[in-house]
Amino acid sequence: MVTLAEVARHAGVSASTVSYALSGKRSISAATRERVENSVRKLGYHPNAGARALASSRSNIIALMVPLRTDMYVPVMMEIAMAVATAARTHGYDILLLTGEEGAEAVRRIEGSALADAMIVMDVELDDERLPLLRAANRPAVLIGLPSDTAGLNCVDLDFAAAGAVCAEHLADLGHREIAVIGEAAAVYERHTGFAERTLTGLRERSAELGLRLLHRPCEGSYASVAATLSRVFDERPGTTAFVVQNEAATDPLLALLRQSGRAVPEDVSVVAVCPEQVAAHASVPLTSVAVPAQEMGRRAVEQVIAKIEGRGSNEEVMLLAPELTVRESAAQAPAGT
């Protein structure tokens, strides 16, 4: 491993000059700085992370809190996490991944240590127990998600309420009047998880405005659970001609069960989803959908938290990404006579 002293010898300067050139703590001439930087590149020198942290009082690490719950679709959570890690790396930061269901305790652990310079928080509930601690924290924090009260917080999220409204509008435009929502697992709503609650609110409010009958049923996502939910929907609302699905695990079982029951998609029943692009595009019937923009959500959250670390960011900012509906093959005009 190349040392700072070796860089100094190669550049023909003192070790302290190399340190000043790399840290920017003292002014040195442009010519000297260029010699040092050339030597760093040629020798492949990488400052020791621990020493750098002591010198700058920064760890160059961002803590990412992403509880991996069994009732959540883990691939989309990890896609957002990977986007955060990739974006952070471009700014010279690494990610400390906290996947346990620690809640407020994880915030206390990061705030009470030198483990990380900032926090990005996922799986946000409407009345999340972590919010008072995040508001009072000395370390910058950004939420990927939207709580009920955003005062004093920085948040990035898809506008899920608008996403729900867009789905209702699209189906109404196609002539559908009876719509069923296959939602996330019941525990997701019991925790009042923000994205699920907001999507449902958007669907309900826009459906009421458009004169649609809306039925919402949570679903675990397994084949058996989807079968039971589908049977219940048609028992309770036999005139249902369209489904909105916000449960990635349920999409393929739903399409298979509709086919087995003799209902063709989209000729007899339409299906619209709120899900990642790859889930919609690769379904057995490519789904008309509102995409969850995982890459952009992760990147925007990192940009916000870096700005706060560097003293440029606002102490209160909410960024909602506008939903985009992609029309594929799963939604069509409501059957005649419905």
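Note: the structure precedes this text.
Residues numbered from 1 in each chain as written. Predicted model: local features only at pLDDT ≥ 70, side-chain atom pairs only at ≥ 80, totals over all residues. Heavy atoms only, no water.

Points about the pattern of salt bridges
Test applied: Any carboxyl oxygen of Asp or Glu within 4 Å of a side-chain nitrogen of Lys or Arg constitutes a salt bridge here. By definition, any uninterrupted DSSP run of H or I lasting at least four residues is a helix, any uninterrupted run of E lasting at least two residues is a strand, and each is numbered from the N terminus. Relative accessibility under 20% of the residue-type maximum defines a buried residue, over 50% an exposed one, and the middle range a partly exposed one, all with a 1.4 Å probe and only protein chains included.
Here the structure, examined in full by the defined rule, presents 19 salt bridges. Close ionic contact of Glu236 with Arg232 constitutes a salt bridge, the shortest N to O distance being 3.0 Å. With a gap of 4 residues between them, Glu236 and Arg232 both fall in helix H11 (residues 223–236), about one helical turn apart. Classification of Arg232 by relative accessible area gives partly exposed; the value is 44%. Here Glu296 makes a salt bridge to Arg300, at a shortest N to O gap of 3.2 Å.

Digging into the pairing of strand S6 (residues 178–182)
The following threshold applies: If DSSP finds at least two bridges between two strands, the strands pair.
Here S6 lies mainly inside the structure; 5 of its 5 residues are buried. Of the strand pairs in this sheet, S6 and strand S8 (residues 242–245) are connected by 4 bridges, and their pairing is parallel. When the sheet's bridge partners are listed, Ile182 is paired in S8 with Val245.

Things to note about the packing of aromatic side chains
Each aromatic ring pair is characterised by the separation of its centres together with the angle its planes make. We apply this condition: Pairs were defined over the aromatic rings of Phe, Tyr and Trp, the Trp ring being its six-membered one, requiring ring centres within 6.5 Å. Orientation was assigned from the angle between planes: stacked under 30 degrees, edge-to-face over 60, tilted for the rest. Definition used: whenever NZ (Lys) or CZ (Arg) falls within 6 Å of the ring centre and also within 35 degrees of the ring normal, the charge is taken to sit over that ring.
Counted under the stated rule, the structure contains 2 aromatic pairs. Here the aromatic rings of Phe234 and Phe243 are separated by 5.8 Å at their centres, their planes lie at 80°, and the arrangement is edge-to-face. Residue Phe243 is classed as buried on the basis of its relative accessible area, which comes to 0%. Its end group placed over the ring of Phe234, Arg263 keeps NZ or CZ at 3.7 Å from the ring centre.

Quick look at the side chain of Asn247
Heads up, the rule is: Contacts described as polar in this section are N or O atom pairs within 3.5 Å, which, within protein, must combine one atom able to donate a hydrogen with one able to accept it, while residues neighboring in sequence count only if both atoms come from side chains. Only heavy atoms matter for contacts: two residues are in contact if any of them lie within 4.5 Å across the pair.
Inspection of the secondary structure assignment puts Asn247 in the loop between S8 and helix H12 (251–260). Looking at Asn247, the relative accessible area reads 5%, which means it is buried. Within the structure, the side chain of Asn247 is placed 2.8 Å from the backbone oxygen of Cys219, a separation counted as a polar contact. Those residues in contact with Asn247 that sit more than four places away from it in its chain are Ile182, Gly183, Glu184, Ala185, Cys219, Glu220 and Gly221.

So, the nonpolar core
Using the following cut-off: Take the buried Ala, Val, Leu, Ile, Met, Phe, Trp, Tyr and Cys residues and link them wherever side-chain atoms come within 4.5 Å; each set so joined is a nonpolar core.
Counting 51 residues, the largest nonpolar core has Ile120 and Ile144 as the members making the most contacts within it. In contact with Ile120, other than residues within four places in its own chain, are Ile62, Ala63, Leu64, Met65, Val84, Val142, Ile144, Ala301, Val302 and Val305. Formed by 25 residues, the second largest nonpolar core is a distinct cluster that contains Ala180, Val226, Val271 and Cys275.

A word on the side chain of Thr17
Looking at the element boundaries, Thr17 is found in helix H2 (residues 15–23). Overall, the relative accessible area of 17% leaves Thr17 in the buried class. A polar side-chain atom of Thr17 sits 2.9 Å from a polar atom in the side chain of Ser14. In this structure Thr17 touches Ile28 and Thr32, once residues within four positions along its chain are discounted.

Observations concerning the packing of helix H1 (residues 4–11) against helix H3 (residues 30–43)
Quick note on the threshold: Axis definition: a line fit to C-alpha positions, over the contact stretch in the case of helices; interaxial angles, taken between N-to-C directions, run 0 to 180 degrees. Every angle not falling under 35 degrees, over 145, or within 65 to 115 is termed oblique; those three ranges are roughly parallel, roughly antiparallel and roughly perpendicular. By the definition used in this description, the sense in which the near helix is turned from the far one sets the handedness, with an anticlockwise turn below a right angle giving left-handed and a clockwise turn giving right-handed. In this classification, the charged set is Asp, Glu, Lys and Arg, the nonpolar set is Ala, Val, Leu, Ile, Met, Phe, Trp, Tyr, Cys and Pro, and all remaining amino acids, among them Gly, are polar.
Closest axis-to-axis distance for the H1/H3 pair is 9 Å, and the angle between their directions is 120°. The orientation of H1 with respect to H3, classified from their angle, is oblique. For the element pair H1 and H3, the recorded crossing hand is right-handed. Of the residues in H3, those in contact with Glu6, Val7, His10 and Ala11 of H1 are Arg35, Val36, Ser39, Val40, Lys42 and Leu43. The residue makeup of the contact of H1 with H3, split by class, is 5 nonpolar, 2 polar and 3 charged.

A word on helix H8 (residues 160–173)
Note the following rule: Expected helix span is taken as 1.5 Å per residue step, with the number of steps being one fewer than the number of residues.
When the terminal C-alpha atoms of H8 are compared, their 20 Å separation across 14 residues agrees well with the 20 Å that a helix rising 1.5 Å per residue should span. All of the buried residues in H8 are Phe160, Ala163, Gly164, Ala165, Cys167, Ala168, His170, Leu171 and Ala172. Just downstream of H8 lies Gly175, where phi reads positive at about 95°.

Re helix H5 (residues 74–90)
Its 17 residues place the ends of H5 25 Å apart at the C-alpha level, agreeing with the 24 Å of an ideal helix rising 1.5 Å per residue. Where H5 is buried, its residues touch strand S1 (61–65), strand S2 (94–98), strand S3 (118–121), strand S4 (141–144) and helix H14 (294–309). Backbone geometry just after H5 places Gly92 at a positive phi near 85°.

Describing the state of the cysteines
By definition, a disulfide is the covalent link that joins the sulfur atoms of two cysteine residues. Short version of the rule: The disulfide criterion used throughout: a pair of cysteine sulfur atoms within 2.5 Å.
All chains considered together, the criterion is met by 0 disulfides. Left unpaired, Cys167 is separated from the closest cysteine sulfur, that of Cys275, by 9.5 Å.

Focus: unusual backbone geometry
Geometrically, the link from Val265 to Pro266 is a cis peptide bond, its omega value of 10° lying close to zero. Mapped onto the secondary structure, Pro266 falls in the loop between H12 and strand S9 (270–275). Positive phi values are uncommon outside glycine, yet His192 reaches one of about 55°. Residue classification places His192 among the partly exposed residues on the basis of a relative accessible area of 42%.

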